[in-house]
Amino acid sequence: MIMTPTFSLTFFLRGTVSFFVAFAAFTGTIAFSTMIASGTAVASPEGSGFRPKPFVFRDGQAVFADFTEARYEITYDLNRSIARAKARIAFELGEEGYPVFDSVTAPDSIVLDGTPVQAIETRTPSNETTLRVIAKKASPGAHRLEIDLPLVSLVKFGQDGVRSAFWTSDLDERNFLERYLPSNLEYDQVKMNFVVRFAGLRQEQLIYTNGQVQRIDAGTYSIDFPAHFTSSSIFFHTTPKGSTLERSFQIRSIDGRVLPVMIYSAYSALGSPLDGLQNRVTKVIAELEAAYGPFPHPSVLVLNAGMGGMEYCGATMTDVSSVGHELFHSYFARGVMPANGNAGWIDEALASWRDNGYPSSSSFSGGSSMSSHPYYTRITDRAAYSFGARFMSYLDWKTRDKGGLKPFLKFMVQTQTFRPFLIEEFIAEMSRFYGVGFDGDFQRHTFSTGRSLQEMARDEEAPHPKMSLEELERLL
């Protein structure tokens with residue numbers, strides 16, 4: 001039985017922005033939760049500037065939407081070993097057409113504005129990716145979508161409870177939130193809420209997340225996520241009490257804030273000891289803040305997976321050797337956010353350049369298609385890790401008379417955090433910052449004809465190898 005929670009609260013101000021961080025202790029169970037009211041230079045972009053263009057579908061066009069709110073009721077039935085989700089999504093269309101969303105799992109039912117409808121799984125025009133298109137035209141304006149479906153990926157029931165996580169990857173298509181729940185593409189920032197129910201609860205469940213957790217009743221929790229989150233932002237992991245080794249501590253940020261930190265490992269898949277991870281996280285945060293300014297998120301959550309690596313907003317699944325790479329992504333990827341796949345290589349190139357010690361090189365040649373894959377591409381080009389990192393070394397050399405590339409990156413953190421960007425915008429911002437055009441450099445080296453999506457999937461292995469489903473399940 002879960003007892004009434006007690007809270008230890010920390011409240012502090014950053015300029016005119018308030019942050020609230022709560023550690024909720026349920027008889028020894030720590031639910032790590034955060035809420036950020038806004039961040040450094042938070043912007044709410046006009047959806048029309050980031051929505052992908054429509055494509056021909058049936059007698060009209062498939063139209064991408066702006067989700068304004070998404071609420072998910074997630075039920076783990078421990079008696080029947082069944083997990084299900086109900087999505088309630090408010091969205092707006094800018095033009096008439098067949099609305100687009102995505103869900104890897106086929107829904108059991110879909111209701112659009114009170115009317116049952118079907119959704120067709122379809123490939124985009126250049127065969128870049130798969131989406132679901134509602135088989136009913138909708139007019140411009142506000143709409144409501146209700147979707148029921150089973151949770152089937154990364155869910156394991158046992159005698160002690162349930163192990164479930166919404167872990168993601170940018171190395172394959174359809175591996176963000178849509179792998180688990182109906183969602184939009186990465187361009188869209190959405191206010192999201194989870195209501196998580198454990199029916200037939202036998203013992204306490206831990207919840208590790210980068211959202212704000214509140215207990216509704218025994219076995220029911222509400223998790224709120226900030227409005228700037230996208231389909232790649234959320235970290236969520238629930239597991240029975242006693243299945244993890246965890247440690248919480250604090251780091252003093254350079255802006256005076258106290259950053260709460262939670263690090264943990266699954267007992268069944270322990271990597272390096274938590275002492276080493278704590279020391280490494282502390283050093284990395286100090287390094288990144290010295291280079292790019294205050295940590296953009298109100299807290300830090302690290303799952304010590306012992307392998308792999310993936311970034312979330314203020315959170316990561318990683319190991320000791322890769323934690324610097326992944327926490328860098330809290331500035332670039334989950335701070336300054338790519339709006340699509342052709343912008344997604346930027347943060348990986350920068351992270352790898354940082355991993356290499358920020359080298360500067362006057363010699364660079366070759367071309368890639370990192371910025372010019374087919375329009376609806378949703379995965380990161382793996383050339384970013386090597387070719388992209390070398391390109392950043394070249395850009396650093398070209399800007400050496402103005403301090404190199406890092407002053408521009410710090411400027412981007414200060415002005416563009418939590419605002420999605422397209423590759424063209426990144427180039428324009430860089431050209432304005434230095435007072436000289438970089439279009440030619442990017443065109444020659446990142447807009448060339450290059451490898452196919454199939455070649456992307458097998459070449460240029462990331463420094464943190466993609467984890468198999470079996471490896472992820474062992475971490476649950």
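Details of the structure are given in the entry above.
Predicted, not measured: the structure shown is a model, and the values here were computed from it.

Analysis parameters
- Residues numbered from 1 in each chain as written.
- Predicted model: local features only at pLDDT ≥ 70, side-chain atom pairs only at ≥ 80, totals over all residues.
- Heavy atoms only, no water.
- Helix = DSSP H or I, 4+ residues; strand = E, 2+ residues; numbered from the N terminus.
- Buried < 20%, exposed > 50% of the residue type's maximum accessible area, 1.4 Å probe, protein only.
- Contact = heavy atoms within 4.5 Å.
- Areas by Shrake-Rupley, 256 points an atom, 1.4 Å probe, with all protein chains shown as cover.
- Lys, Arg positive; Asp, Glu negative; His and termini not counted.
- Salt bridge = Lys/Arg side-chain N within 4 Å of Asp/Glu carboxyl O.
- Phe/Tyr/Trp six-rings, centres within 6.5 Å; stacked < 30°, edge-to-face > 60°.
- Lys NZ or Arg CZ within 6 Å of the ring centre and 35° of its normal.

Novice: Is there a simple way to think about the overall build of the protein in this case?
Specialist: Within the protein one finds nine helices and 27 strands. Counting every position in the protein, which comprises 476 residues, the buried fraction comes to 59%. Here the analysis covers contacts within the protein between residues at least 6 apart in sequence; of these, 73% occur between residues at least 24 apart. Just so you have it, the protein exposes about 17,600 Å², and 49% of that area is on carbon and sulfur atoms.

Novice: I'm lost on the side chain of Asp 170 in this one. Help?
Specialist: Residue position: Asp 170 is located in the loop between β15 (161-165) and β16 (191-199). This buried residue, Asp 170, is left without a salt bridge; Arg 334 holds the nearest opposite charge, at 5.1 Å. Beyond its immediate stretch of four places on either side in the chain, Asp 170 contacts Phe 176, Met 310, Glu 311, Glu 348, Ile 379 and Thr 380.

Novice: What is the right way to look at the environment of Phe 295 in this model?
Specialist: For Phe 295, the position within the fold is in the loop between α1 (274-292) and β23 (300-304). Judged by relative accessible area, which is 0%, Phe 295 ranks as buried. Considered as a pair, Phe 295 and Leu 259 are 36 residues apart in the sequence and their alpha carbons are 8.6 Å apart.

Novice: Even after reading the chapter, I still don't get the packing of aromatic side chains, so can you show me in this structure?
Specialist: Given two aromatic rings, their pairing is described by the distance between the two centres and the angle made by the two planes. The tally for this structure, following the rule as stated, stands at 38 aromatic pairs. Note on Phe 328 and Phe 332: the rings are 5.4 Å apart at their centroids and 25° apart in plane angle, and the pair reads as stacked. Between Phe 364 and Phe 391 the ring centres are 5.6 Å apart and the planes differ by 40°, which places this aromatic pair in the tilted class. Here Phe 364 is found in the loop between α3 (341-355) and α4 (387-398), whereas its partner Phe 391 is found in helix α4, with 27 residues between them in sequence. Residue class for Phe 364 comes out buried when judged on its relative accessible area of 15%. Over the face of the ring belonging to Trp 397 we find Arg 400, whose NZ or CZ atom lies 4.0 Å from the ring centre.

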